[in-house]
Amino acid sequence: MARFIDPKDFDRVLNELESEEERGEQNDFEDDIDFEAEVIEHDRHNSESENDLEEPMEVDEAPVMREEEENLEGLRFFIGKNGDTLWANRPLHQTTKTKAVNIIKTIPGPKGEARKCKSRSECFLKIISESMIQKIVEYTNIFISKQKDERKNDSVDEDGFRDRDYRPTTREEVLALFGALFLIAVKRGNRSDVSEFFTTNGTGLTILRANFSERRFRMLLRSLRFDDITTRVERSLQDKLAPIREFHASFIENCQSAYNVGECITIDEMLVAFRGRCSFIQYMPQKPAKYGLKIYASCDSQTFYTNNMLI
């Protein structure tokens, strides 16, 4: 018996076939190894040998690089005057032990009796001692007496001094003279005329007028001596520094016995301008003064002179 097929059956059959084809194609892909999905596994486990190789790279190398970068940060280099020496603006990192000869074992600052000083006058007398002051007084009076004996009468000489102006000096007067010279230096009056310090119009230094007259001040400056003028000629044959050798040697000895320099010490030279009569004047055209006395000095960060030498 013939059976009539409903059009709806065709649609149902076609849909079923399409569904089976889709399921069959997917199953084929899943069975084929060429179409396996790529899976990347992240293994965080390391063996003991791998740890031995990797840990030094992570722990040791990075700090070394950071230390080198910090050591080189801000470092600048300069070429010395000889064109060969290389200077750095700060000390480089030291990897070696400091030599024993470069280790400072003394404490910088005053030492010995100088540590007991409580005033500026006491500190000054540790450098320019009482015995040095007495020698200056003695040698200055020898010069004043010699100059007075060479005068023929009581007339005024070319410098305006009379016989009564040639009177001996004393320890107190010499100390007052040193104090006046220090004060003039502080006021930057080294290039001023002496008469300016004794003016009474308010521009002078009252403390100078309280201790000296202008004439006496000029007399002391002209007569101040640091050696015996009567034996200078013989001593000068062996020593060009004879006029100040005794004072200079005592000054160096007192500085070294009263003070220990620190780690930061400088040794340098300077040209002190001078155009008087002297057998060892230096001529240096590149210096502003050009003519003067060359002084070698050593000082630390507190500008305390411990040794200076004229050549």
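As shown above, the structure is provided for reference.
Procedures and definitions
Residues numbered from 1 in each chain as written. Predicted model: local features only at pLDDT ≥ 70, side-chain atom pairs only at ≥ 80, totals over all residues. Heavy atoms only, no water. Core = buried A, V, L, I, M, F, W, Y, C linked by side-chain atoms within 4.5 Å. Buried < 20%, exposed > 50% of the residue type's maximum accessible area, 1.4 Å probe, protein only. Helix = DSSP H or I, 4+ residues; strand = E, 2+ residues; numbered from the N terminus. Contact = heavy atoms within 4.5 Å. Salt bridge = Lys/Arg side-chain N within 4 Å of Asp/Glu carboxyl O. Patch = residues over 30% accessible without salt bridge, like charges linked within 9 Å, V, L, I, M, F, W, Y side chains within 5 Å. Areas by Shrake-Rupley, 256 points an atom, 1.4 Å probe, with all protein chains shown as cover. Phe/Tyr/Trp six-rings, centres within 6.5 Å; stacked < 30°, edge-to-face > 60°.

J.: What is the right way to look at the nonpolar core in this model?
T.: For soluble globular proteins, the rule of thumb is that nonpolar side chains tend to be buried together. Counting 25 residues, the largest nonpolar core has Ile128, Leu208 and Phe217 as the members making the most contacts within it. Of all the elements, helix α6 (residues 171–186) adds the most residues to this core, at five residues. Aside from chain neighbours lying at most four places away, what touches Leu208 is Ala180, Leu183, Ile184, Phe197 and Phe198.

J.: Looking at this model, I keep getting lost on unusual backbone geometry. Mind explaining?
T.: For residues besides glycine, phi is generally negative; the peptide bonds are generally trans as well. Phi angles above zero are rare outside glycine, and Arg188 is one such case at about 55°. Along the chain, Arg188 falls in the loop between α6 and α7 (194–197). For Arg188, a relative accessible area of 72% corresponds to the exposed category. One non-glycine residue, Lys290, lies in the positive phi region at around 70°. Mapping Lys290 onto the fold places it in the loop between β6 (282–283) and β7 (291–300). A relative accessible area of 34% places Lys290 in the partly exposed class.

J.: What is the right way to look at the pattern of salt bridges in this model?
T.: A side chain with one charge can pair with a side chain of the opposite charge if their charged atoms come near. Enumeration according to the criterion identifies 11 salt bridges in this entry. Among the ionic pairs, Arg171 bridges to Glu130, the shortest N-O distance being 2.7 Å. Here Glu130 lies in helix α5 (residues 130–149) and Arg171 lies in helix α6, a separation of 41 residues in the sequence. Here Arg216 and Glu173 are joined by a salt bridge, their closest N and O atoms 2.9 Å apart. With Arg216 in helix α9 (residues 214–223) and Glu173 in helix α6, this pair connects stretches of sequence that are 43 residues apart. By the burial criterion, Arg216 is buried, and Glu173 matches it. Overlapping salt bridges bring together Glu130, Arg171 and Glu172 as one network.

J.: I tried to follow the environment of Gln256 on my own but got confused; where do I start?
T.: Checked against the element boundaries, Gln256 lands in helix α11 (residues 245–258). Linking Gln256 and Pro110, residues 146 residues apart in sequence, is a C-alpha distance of 9.8 Å.

J.: Hey, could you run me through a nonpolar patch on the surface in this one?
T.: Among the surface-exposed residues, Phe77, Ile79 and Leu86 lie close enough to one another that they form a single nonpolar patch of about 350 Å² accessible area. With respect to the element layout, Leu86 can be found in strand β2 (residues 86–88). Given the relative accessible area of 54%, Leu86 is considered exposed.

J.: What am I meant to see in the packing of aromatic side chains here?
T.: Tallied over the full model, the rule gives six aromatic pairs. Centre to centre, the rings of Phe198 and Phe217 are 5.6 Å apart; their planes meet at 55°, and the pair counts as tilted. With Phe198 in the loop between α7 and α8 (206–211) and Phe217 in helix α9, this pair connects stretches of sequence that are 19 residues apart. A ring pair is formed by Tyr283 and Tyr291, whose centres lie 4.9 Å apart and whose planes are at 40°; its orientation type is tilted. Under the relative-accessibility criterion, Tyr283 is labelled partly exposed at 48%.

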